[in-house]
Every structure is written in structure tokens, then in C-alpha cells.
Amino acid sequence: MSDRKRSTALALASALAGSAVLFTAPAAHAAVVDVAYDCKTPIGDKSAVSPIDIKAVKQGDGYKLTMTFQKGVSSSPIELGKGAMNPSAVILVDGAEKVSVPVSGPSNPEAVPPDTPIKITDLSGTYTPKKSGKVTFTAGVLTIMAMGTTTTCTPGNSPKPSLELDVTAPGGGTTQPGADTTGDTLPQTGPADSALALGTLGGTVLLSGAVGVLWLTRRGRRARS
């Protein structure tokens, strides 16, 4: 077998091995959780349940958190014009450390008719861990500012975490006893998201394979010279 064919075969074997590791790697635990909000509004107490999804993406030293509401949790007796409502919330972090992460989002992109559930836009913020280890992310208090009024919605059903993953603090941080810190795992909550994650990690494997091809090919050329 020529050096070039041997190099190509080794590179393909390496890529396949990387793919096997990809599919057996541990995944973060993520779930869409029903959160029962008790809301204090300008027109009285209201309550509503919304399924909530929390995702995290590694960015620099921290993680970008995105909180998604699948149903509206409040309404207004009058129409809310475009851009009249501004939402914010906190995500409760527990586990290796306990902190509250503020998240916020854009105002309503369209007018909201009266007595219609208000769709909360996606809320996002940055979490930079100070300790490495396993942490959970749970929906906290939601605040809606609209037309000069404030509505505060508090989870009343002690919701379970929407996300659990291993995080790494800048510089290593302090590891919680028994915590698994083998690496960062990005959370995904559905088939489409899982496919995207596999595509991203698969690209990394292919890049590694390409580097292997170049290295092995160059080594083969040096051996023949």
C-alpha cells in the first residue's frame, strides 16, 4: 500500500472512531417544565401555567442562557401597542454554586389585543461560573413592565430544573466533591436541537480528521525524500 493510501485509510479510521465517541458521549439533562405562575397585576391576582425551556451555549468564559416561554402567562384589559411590554426574569442556579442569573428580552414585536395571553419573548443572559461542577437551572420570578405598570409572576409550584449540565469555571474554579467535570456539555431539548449539536460536533471531528490527513501525508512525503 502506498504512503498516500495508508494516510487516507488512517485518517478515515480516526474520523470513524471520533464519531463513535460522539454518539456515546454523555448528554446534559434538559426538559420542558410546566411552571405555574402566580402573578400580581395592576388589575388583581392572576395565574397561568407555561411550559418553559432553558438552553445554554458556551461563550468565552461563560454560558449564554436562553429562557423560552411556550405559552403566555398574563393578559391586559387594553391593547398593548408594539414595543409596550418589556419582560425580564431570573434563572436560579443550584448545585456546584447557588446564584441568580438575570435574563431579559426584547419588547413585544407586535401589538397585543386586549384580554389576550401575552407571549413572552425569549429571555437571555450570561452565566459565568465561579465553581466547576454540575449545576441546575430553574425558572425564577418573571417581571413584566407595560404601560407604566409592573406585573410580578412568581413560580408557585416549586418547578423542577429545566436544565442540568457540567460547567467549567475560568481557571478551573473549585470543584464540588463528587462532581463530574470531564467536560462541558451543551444542552439540547429536542430532536432538531440534537441534530444541530451532532452536526456541530461532527464538524469538529471532520476538522480533526483533515488535520490528520495533512500531518500523515506530510510525514509520508518526508519519509520518501
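Basis of the calculations
- Residues numbered from 1 in each chain as written.
- Predicted model: local features only at pLDDT ≥ 70, side-chain atom pairs only at ≥ 80, totals over all residues.
- Heavy atoms only, no water.
- Helix = DSSP H or I, 4+ residues; strand = E, 2+ residues; numbered from the N terminus.
- Buried < 20%, exposed > 50% of the residue type's maximum accessible area, 1.4 Å probe, protein only.
- Contact = heavy atoms within 4.5 Å.
- Areas by Shrake-Rupley, 256 points an atom, 1.4 Å probe, with all protein chains shown as cover.
- Salt bridge = Lys/Arg side-chain N within 4 Å of Asp/Glu carboxyl O.
- pLDDT = per-residue confidence, 0-100.
- Core = buried A, V, L, I, M, F, W, Y, C linked by side-chain atoms within 4.5 Å.
- 1 Å grid on protein atoms, 1.4 Å probe; cavity = no way out; pocket = protein on both sides within 12 Å on 5 of 7 lines; lining within 4 Å.
- Points joined across faces, edges and corners; volume = space filled by probe spheres on them.
- Nonpolar A, V, L, I, M, F, W, Y, C, P; charged D, E, K, R; others polar.
- Disulfide = S-S within 2.5 Å.

Student: Is there a simple way to explain the overall build of the protein in this structure?
Tutor: A count of helices and strands for the protein gives two helices and 10 strands. Put simply, the protein runs from its N terminus to its C terminus through helices and strands in the order α-β-β-β-β-β-β-β-β-β-β-α. Expressed as a percentage of the 225 residues in the protein, the buried residues total 33%. Intrachain contacts of the protein at a sequence separation of at least 6 include 70% that bridge at least 24 residues. When the accessible surface of the protein is split by element, carbon and sulfur atoms take 59% of a total near 12,500 Å².

Student: Explanation requested: the pattern of salt bridges in the structure shown.
Tutor: Pairing is possible between side chains that carry opposite charge, provided their charged atoms lie close to one another. All chains considered together, the criterion is met by three salt bridges. When the shortest N-O distance is used, the salt bridge between Asp-166 and Lys-134 registers 3.1 Å. Of the two residues, Asp-166 is situated in strand β10 (residues 163-167) and Lys-134 in strand β8 (residues 133-146); the sequence distance between them amounts to 32 residues. Exposure remark for Lys-134: the relative accessible area of 35% places this residue in the partly exposed category.

Student: Help me out: how do you make sense of the confidence of the model for the protein in this one?
Tutor: One rule of thumb: low pLDDT means the predicted coordinates there are not for detailed reading. The share of residues in the protein with pLDDT of 70 or more is 64%, and the mean pLDDT across the chain is 73. In the model of the protein, helix α2 (residues 191-224) stands out as the element of lowest mean pLDDT, 35, in contrast to strand β6 (residues 99-104), which has the highest, 98. In the model, residues 10-27 has pLDDT below 50 throughout and makes 13 contacts with residues more than four positions away in sequence or in other chains. The model gives residues 175-225 a pLDDT under 50, and that stretch makes 53 contacts with residues more than four places away or in other chains.

Student: Just checking my understanding: could you explain the nonpolar core for this structure?
Tutor: The nonpolar side chains of a soluble globular protein tend to be buried, and buried together. With 38 residues, the main nonpolar core has Tyr-37, Met-67, Phe-137 and Leu-142 as its most contacted residues. Within the residue set of this core, elements represented by two or more residues are β2 (33-41), β3 (44-59), β4 (62-69), β5 (85-95), β6, β7 (123-127), β8 and β10. Among the elements that make up this core, the one with the highest residue count is β8 (six residues).

Student: I would appreciate a short explanation of the environment of Pro-109 in the present structure.
Tutor: Its place among the elements puts Pro-109 in the loop between β6 and β7. Taking the C-alpha atoms as reference points, Pro-109 and Thr-121, 12 residues apart in sequence, are found 8.6 Å from one another. Ignoring anything within four residues of it in the chain, the contact list for Pro-109 reads Lys-82 and Thr-121.

Student: Looking at this structure, I do not really get the layout of surface pockets. What am I missing?
Tutor: The gaps left among the atoms become clear once a water-sized probe is rolled over them. Of the pockets and cavities examined, the second largest pocket occupies roughly 220 Å³. Along its surface, the second largest pocket is lined by 15 residues, and Pro-42, Ser-75, Ser-76, Pro-77 and Thr-149 are the ones closest to its centre. Among the elements of the structure, β8 and β9 (149-155) are those that each provide at least two residues to the lining of the second largest pocket. Of the residues that constitute the lining of the second largest pocket, the class distribution is nine nonpolar, six polar and no charged.

Student: Please explain the state of the cysteines as it appears in this structure.
Tutor: A covalent bond between the sulfur atoms of two cysteines is what we call a disulfide. The tally for this structure, following the rule as stated, stands at one disulfide. Paired through a disulfide, Cys-39 and Cys-153 show a sulfur-sulfur distance of 2.1 Å. Handedness of the Cys-39-Cys-153 disulfide follows from its S-S torsion of about 110 degrees: it is right-handed. One end of the pair, Cys-39, is in strand β2; the other, Cys-153, is in strand β9, and 114 residues separate them in sequence. The burial state of Cys-39 is the same as that of Cys-153; both residues are buried.

Student: Sorry if this is basic, but what is going on with unusual backbone geometry here?
Tutor: The phi torsion of most residues other than glycine is negative, and most of the peptide bonds are trans. Positive phi, normally seen in glycine, also occurs at Asp-115, with a value near 55 degrees. Here Asp-115 falls in the exposed class, since its relative accessible area comes to 60%. In this structure, Met-147 takes a positive phi of about 50 degrees despite not being glycine.

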